Amino acid sequence: MEWEWCFMALGLYTVNATYGDTIIMPCRQEVPDDLMFGKWKYEMANESPVFIAFRSSTKKNVHYDDVPDYKDRLSLSENYTLSIKNARISDEKRFVCMLVTEDNVFEEPTIVKVFKRPSQPEILHQANFLETEKLKMLGECVARDSYPEGNITWYKNGNVLHHDAGAVVIHLENTVDRSTGLFTMTSSLQYKPKKADAKAQFSCSVTYNGPAGSETIQSEPLVFDVHYPTEKVTIQVLSQSSTIKEGDNITLKCSGNGNPPPQEFLFYIPGETEGIRSSDTYIMTDVRRNATGEYKCSLTDKDLMGSTTITVHYLDLQLIPSGEVTKQVGEALPVSCTISSSRNATVLWIKDNTRMQTTPSFSSLQYQDAGNYICETTLQEVEGLKKRKTLNLTVEGKPQVKMTKKTYVNKAFKTIICHVEGFPKPAVQWTIASTGAVINQTEETKYVNGKFSSRIEIAPEENVTLTCIAENQLERTVSSLNVSAINFPETDEAEDKSDDNTEKVNDQAKLIVGIVVGLLLVALIAGIVYWLYVKKSKAASKHVDKDLGNTEENKKLEENNHKSEA
């Protein structure tokens, strides 16, 4: 690509050429008709002219003089325009076109100016880091191969840096390559940064005069690491939870706002008189409540210090009594669940997996009080902080026995019931007192809250005494009941209405039938008694009461036994 800029300077015709391109110089004289030949020469101050090209107007032949700088670079056209390939800095000369006739010689000078655009400037020998309040070499801005020489300017964040003794020192040095004549511009910058320069962008530019006027080329911006001292120390707790409880691990991290950040600190722990030298982290494992307090850290060589307060939450629970506890029925048992905690805690009582509405209190233990009690407490604000203790209460009691009887006339049998209380559950055995025979055909109700009942159904042909034996690990209890023969009706024993195992008859129809049958039995008994009184002149026996020691029933049994012997 060929470039040519031409203008008149001080009355001289000038051609501006770009380094490496082709210089084109027209002969600005009008070719005369009687032209014999044309020649080109160049002139330099204080030196003789040097002819470089010749062209005859008649023979049309072209001759190039033996000038080493222009060998194989020249071309002279028919209109006597001279072209010089591969423009060099040394081509900056005064060239003269000569047209010769028989009578005259016409000369027209041309000035050649060569320009070379410098390379993009770059910052070399960069500082690894800068330090506040210290004047330090930041780097060198270098722009190579320029012609004519250019000027370098430094910038910070796009603003021009000017020389300022003690803060900004700029030194410019230009060198020339003797073989090419091209200039290299080097500008060094010494800079004393401030903390605010930590993210500042530094750059440089080169300004040079080109064919079209002044031009500027910018370098790539750079950011330098600015070192500055620590002015503030902070300490923080690294934890996955917002709260700390006993048994947790605590990691303390100390940091300073300097650059580079400090790597070593002194940690001050509650209870320790001296600081503990460590890196920027300090770890405490399985902390206890006595770790609560103010924690500090500082630089090893300065008094700057940061602090934070740590609260180690705790929760203590004391249950009295606890574990396996055995008591006797009727005894008192005071129970207390005492809580000690770093914050208000909630308390919950559970019995046999069911939440209780009130705190258990035992002034007189009953069998239903037995069970597994849990006192549980929680700190709602502290994740995972929960405690519980257990009271497994056993209520023991010696067997207590009460016997009742019930007659079913229409079914021709009597039901004898042995009501039993006690824990551990007593074993029950029925026997006939007179013979010692064991009755095996028995029926038991469910054992609930230390109570149950055992019953038998009999149809005795004669009066008998039945024995109910209840026995557990604590004691053996025996109770007896006299039962009349089936053909001798008697008053039934009233059942304990408070007994959970007692049969309950709610059917009104059955109640009415029972009353009618009772009236008929009373009439029948009255007739029999009157007949016996008339025939044998004996007093009629009254009905047998339910208690074993009832006098009237015993008399009747004696009379019946006497008749049997007769």
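As annotated in an unreviewed UniProt entry, the chain carries the name Activated leukocyte cell adhesion molecule and is attributed to Crocodylus porosus.

Quick question: what am I supposed to make of the pattern of salt bridges here?
Side-chain pairing between opposite charges can occur once the charged atoms of the two side chains come close. Inspection of the entire model under this criterion finds 21 salt bridges. Put simply, glutamate 381 and arginine 343 hold a salt bridge, and the shortest N to O gap is 2.1 Å. Pair noted here: glutamate 381 is in the loop between strand S36 (371-378) and strand S37 (386-408) and arginine 343 is in the loop between strand S33 (336-341) and strand S34 (346-351), with a separation of 38 residues, a long-range link. Residue glutamate 475 is joined to lysine 398 by a salt bridge in which the shortest nitrogen-to-oxygen separation is 3.6 Å. Here the residue glutamate 475 occupies a position in the loop between strand S43 (464-471) and strand S44 (476-483), and lysine 398 occupies one in strand S37, the gap between them amounting to 77 residues. For glutamate 475, a relative accessible area of 33% translates into the label partly exposed. Overall, lysine 398 belongs to the partly exposed group, its relative accessible area being 43%. Through salt bridges with shared partners, a single ionic network connects Lys41, Glu43, Arg94 and Glu107.

Quick question: what am I supposed to make of the state of the cysteines here?
Throughout this description, disulfide means a covalent bond between two cysteine sulfur atoms. Applying the stated criterion to the full structure yields 5 disulfides. Here cysteine 141 is linked by a disulfide to cysteine 204, with a sulfur-sulfur distance of 1.9 Å. On the S-S bond that ties cysteine 141 to cysteine 204, the torsion sits near 75°, and the link is right-handed. Taken together, the residues span a long stretch of sequence, with cysteine 141 in strand S13 (residues 136-146) and cysteine 204 in strand S18 (residues 201-210) at a distance of 63 residues. The pair formed by cysteine 141 and cysteine 204 is uniform in burial state, with each residue classed as buried. In this model cysteine 337 forms its disulfide with cysteine 375; the gap between the sulfur atoms is 1.9 Å. Note on the cysteine 337 and cysteine 375 pair: the S-S dihedral is about -85°, so by sign convention the disulfide is left-handed. Of this pair, cysteine 337 sits in strand S33 while cysteine 375 is found in strand S36, placing the two residues 38 residues apart along the sequence. Taking only the cysteines that form disulfides and numbering them from first to last, the chain has the pattern 1-2, 3-4, 5-6, 7-8, 9-10.

The rules behind the values
- Residues numbered from 1 in each chain as written.
- Predicted model: local features only at pLDDT ≥ 70, side-chain atom pairs only at ≥ 80, totals over all residues.
- Heavy atoms only, no water.
- Salt bridge = Lys/Arg side-chain N within 4 Å of Asp/Glu carboxyl O.
- Helix = DSSP H or I, 4+ residues; strand = E, 2+ residues; numbered from the N terminus.
- Buried < 20%, exposed > 50% of the residue type's maximum accessible area, 1.4 Å probe, protein only.
- Disulfide = S-S within 2.5 Å.

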